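Results of the structural survey
Each chain, written out:
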Amino acid sequence: MKHIYILDEHQSSKQNGVGTYIRQLLKCFEGSGHNVNLLSFNDDEKELKIETLSTCTEYHLPICGMNGFLDNGKLFLSLLRLYIEDSKDNVFFINHFPCDKFLVDLKHHFPLSRTIFVIHDQGWCAPLLGDIEMFQKVLASKYLPKGHKNEWKHIRDITRRERRMYRLVDDIITLSDSTYNLLLETYGVPAGKIHLIPNGLQQPDDLCSQEEKILIRKRLGIADNEVVLLYTGRTSPSKGIIPMLMAFDQLWMEHPSVRLVIAGEIFRFNDFAKQTSHSASHVTYTGLLPKEQLSEWYQIADIGILPSYTEQSSYTGIEMLAYGKLIVTTDGHNLTDMFNDKTAIVAHIGEKRAEDSTDLVNSLVEAVNKALFMRTEERQQLQSQARHHYNHAYSFTSWKAIYSRLING
């Protein structure tokens, strides 16, 4: 029997793919015979609380040190060492970065334990909007240009810390082929240390009939003639949120029956509202939604839109595949590992990468127009192939078997 410890940052996991991954991982180990534990850092509890549940033991670790649990490893791990015995049968899953300091402390307090780091993101991806060629240029350049000195210095510093992280852990899980190759060629990680395991997701068990979808649309205030475009997830620049809003504003002037639904927490509402001056009344912001309510939007959406510059193994994308949606996405970093023209309509980002890139705006307008005017047979075929791709590449059953071999290997 293995003792599995899954590290989570409670506050951020409420709204991102890491939280989805952790919930799926906990389900993955249900009934495995292993002792499963969730270490919930920055929890809502005011003091340490250890709760025994039917599926796992949950350690609620309160907010401490300005939320920086990765910088306070000595404090937290000294406390946990009172309750957790070090053993070669321990497996720690680390899901947050930069965690090089934390890993040093973890190795000190639990030297016999196995550590596995899961790459949910890398430090260069967001600031460079997934531009690998620019990343290579930043690392290779002898001088820091004045206009980008602080940004390039930050990227170099975080890359050094990532390399240290990768050296410290026993195993690395990467979620995509592109990142796997980057680990080998740029970060210099030995191939034997890397495990390529794209995210897995349980099949939706709440697929609705056409009659039920009509009732849901009516309850949600969607008119019969409206075409719903659904975006779900964080609204950060690297997700392509600004180009998507700019593209929608153009699309609405041509097609006044389209509605954009944005499901996720909004941090820059005024900035977003400026991009849809014509179509503001046809953009719906739902905020964070419970799983059941989000599922309803997936059910009734006509088009799923994933306009990101960079992802790793997007749970939003996997959910769109699992629901058999007509998908509009991009050829951004790692997204070409998930989608092609057999499973989605792919918008070309272009050479210029910027938060308000006109190249991406124009490509998204073209891609959504293609989706709107697609023949029924062609649309149904694309949706069928999307569903097949989910079953082949992201099924929970296969994912569970892979993790079983990893833990027991």
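Check the entry above for the structure.
These numbers were taken from a predicted model, which means no experiment stands behind them.

Secondary structure assignment for the protein yields 16 helices and 14 strands. Computed over the C-alpha atoms, the radius of gyration of the protein is 22 Å, within 12% of the 22 Å expected from 2.2 N^0.38 for a compact globule of 409 residues. Counting only C-alpha atoms, the protein reaches 65 × 55 × 40 Å along its principal axes. Of all 409 residues assigned to the protein, the portion counted as buried reaches 52%. Taking contacts inside the protein between residues at least 6 apart in sequence as the whole, the part at least 24 apart equals 68%. Total accessible area on the protein is roughly 18800 Å²; 50% of this is exposed by carbon and sulfur atoms. Between the mean site of the 44 positive side-chain charges and the mean site of the 50 negative ones, the protein shows a separation of 5 Å.

Our next topic: the pattern of salt bridges. With the rule as written, the count across this model stands at 17 salt bridges. Of the charged contacts in the structure, one is a salt bridge between Lys88 and Asp89, with a shortest N-O distance of 4.0 Å. Take Asp89: its relative accessible area is 24%, and that puts it in the partly exposed class. Among the ionic contacts, a cluster of salt bridges with common partners joins Lys2, Lys88 and Asp89.

Buried within helix 7 (residues 177-185) we find Thr179, Leu182 and Leu183. Considered in projection along helix 7, the buried side chains sweep an arc of 100 degrees and stay on one side of the axis. Its buried side turned inward, helix 7 meets strand 6 (114-119), helix 5 (132-140), helix 6 (149-168), strand 7 (171-174) and strand 8 (194-196).

The subject of this paragraph is the sheet that holds strand 14 (residues 345-347). Note on sheets: strands pair through backbone hydrogen bonds, and any given pair is parallel or antiparallel. Within the open sheet, the 6 strands sit side by side as 11-10-9-12-13-14. Their pairing is parallel. In this open sheet, the two edge strands, each paired with only one partner strand, are strand 11 (283-285) and strand 14. Strand-to-strand twist in this sheet, taken as the mean axis angle between neighbours without regard to direction, amounts to 20 degrees. Contacts between helix 12 (residues 315-322) and the sheet are confined to strand 9 (227-232), strand 12 (303-306) and strand 13 (326-330), with strand 12 contributing the most and set at about 160 degrees to the helix.

Let's shift gears to the pairing of strand 7. Here strand 7 shows no split at all, with Asp171 and Ile173 on one side and Ile172 and Thr174 on the other all buried. The pairing of strand 6 with strand 7 spans 4 bridges and is parallel. Directly across from Ile116, in strand 7, lies its bridge partner Asp171. As defined by bridge partners, strand 7 adjoins strand 8 across 3 bridges and the pair is classed as parallel. Note on strand 8: the bridge partner recorded for Thr174 is Leu196.

Another point: the packing of helix 4 (residues 100-109) against helix 6. The interhelical angle for the contact between helix 4 and helix 6, taken along N-to-C directions, is 25 degrees, at an axis separation of 9 Å. The angle between helix 4 and helix 6 places the two elements in the roughly parallel class. Pair helix 4 / helix 6 crosses with left-handed handedness. Residue-level contacts link Asp100, Lys101, Leu103, Val104 and Lys107 of helix 4 to Arg161, Arg164, Met165 and Leu168 of helix 6. Per-class residue counts for the contact of helix 4 with helix 6 are 4 nonpolar, no polar and 5 charged.

Moving on, we get to unusual backbone geometry. Note the cis peptide between Phe97 and Pro98, where omega equals 0 degrees. Despite not being glycine, Leu129 has its phi angle at roughly 50 degrees, a positive value. Looking at where Leu129 falls in the secondary structure, it is placed in the loop between strand 6 and helix 5.

This brings us to the nonpolar core. Of all hydrophobic cores here, the largest spans 51 residues; its most connected members are Ile6, Tyr21, Phe29, Phe93, Ile173, Trp399 and Tyr403. Looking at this core, the element that brings in the most residues is helix 2 (residues 17-28), giving 6 residues. Leaving out residues up to four positions away in the same chain, Tyr21 has contacts with Phe93, Asn95, Val118, His120, Ile173, Asn199, Tyr315, Trp399 and Tyr403. Counting 37 residues, the second-largest nonpolar core is a separate cluster that includes Leu77, Leu106, Leu128 and Trp152.

Moving on to the environment of Phe110. By the element assignment, Phe110 lies in the loop between helix 4 and strand 6. For the pair Phe110 and Leu288, spaced 178 residues apart in the sequence, the C-alpha separation amounts to 37 Å. Residues in contact with Phe110, not counting those within four places in the same chain, are Leu77, Leu80, Arg81, Ile84, Asp86, Asn90 and Phe92.

With that out of the way, let us pick up the sheet that holds strand 1 (residues 3-9). If you walk across this open sheet you meet the 8 strands as 3-4-2-1-5-6-7-8, and the pairing is mixed. Taken across any chain shown, the strands that pair with only one partner, and hence form the sheet edges, are strand 3 (49-52) and strand 8. Taking each pair of neighbouring strands and ignoring which way they run, the sheet shows an average axis angle of 20 degrees. Judged from the 5 bridges that link them, strand 2 (residues 35-43) and strand 4 (residues 57-62) form a sheet pairing that is parallel. Pairing of Ser40 across the sheet is with His60, part of strand 4.

This part takes up the side chain of Arg156. Structurally, Arg156 can be placed in helix 6. Those residues in contact with Arg156 that sit more than four places away from it in its chain are Val138, Leu139, Ala140, Ser141, Lys142 and Leu144.

Definitions and cut-offs
Here the residue numbering is sequential within each chain, running from 1 through the sequence in written order. pLDDT decides what is reported in this predicted model: residues at 70 or higher carry local features, side-chain atom pairs at 80 or more are listed and counted, and totals for whole chains, interfaces and linings draw on all residues regardless. The basis for the side-chain values is all heavy atoms of the structure; hydrogens and waters are excluded. Helix numbers and strand numbers start at the N terminus; a helix is a DSSP run of H or I with at least 4 residues, a strand a run of E with at least 2. Every radius of gyration here is taken over C-alpha atoms, with the globule rule written as 2.2 Å times N^0.38, N being the number of residues. Only protein chains enter the area calculation, which uses a 1.4 Å probe; residues under 20% of their type maximum are buried, those over 50% are exposed, and those in between are partly exposed. Any two residues whose heavy atoms approach within 4.5 Å at even a single point are treated as in contact. The Shrake-Rupley method, run with a 1.4 Å probe, gives the accessible areas here. Residue values count only the displayed protein chains as cover. Counted as positive: Lys and Arg. Counted as negative: Asp and Glu, with His and the chain ends omitted from the count. Think of each charge as sitting on NZ of Lys, CZ of Arg, CG of Asp or CD of Glu. By convention in these notes, a salt bridge is any Lys or Arg side-chain nitrogen within 4 Å of a carboxyl oxygen on Asp or Glu. To be clear, the arc concerns the directions from the helix axis to the C-beta atoms. For two strands to count as paired, DSSP must find a minimum of two bridges between them. For helices, the fitted line uses only the C-alpha atoms of the stretch in contact; every axis is such a line through C-alpha atoms, and the angle between N-to-C directions lies from 0 to 180 degrees. Convention used here: angles under 35 degrees read as roughly parallel, angles over 145 as roughly antiparallel, angles from 65 to 115 as roughly perpendicular, and any remaining angle as oblique. Crossing handedness: left-handed means the near helix sits turned counterclockwise from the far one by under a right angle, and right-handed means the same turn made clockwise. Throughout this entry, Asp, Glu, Lys and Arg are counted as charged residues, while Ala, Val, Leu, Ile, Met, Phe, Trp, Tyr, Cys and Pro are counted as nonpolar. The remaining residues, Gly among them, count as polar. Within this scheme, the nonpolar core is defined by two criteria: the residues are buried Ala, Val, Leu, Ile, Met, Phe, Trp, Tyr or Cys, and they are joined through side-chain atoms within 4.5 Å.

All quantities given are derived from atomic positions and should not be read as evidence of function.
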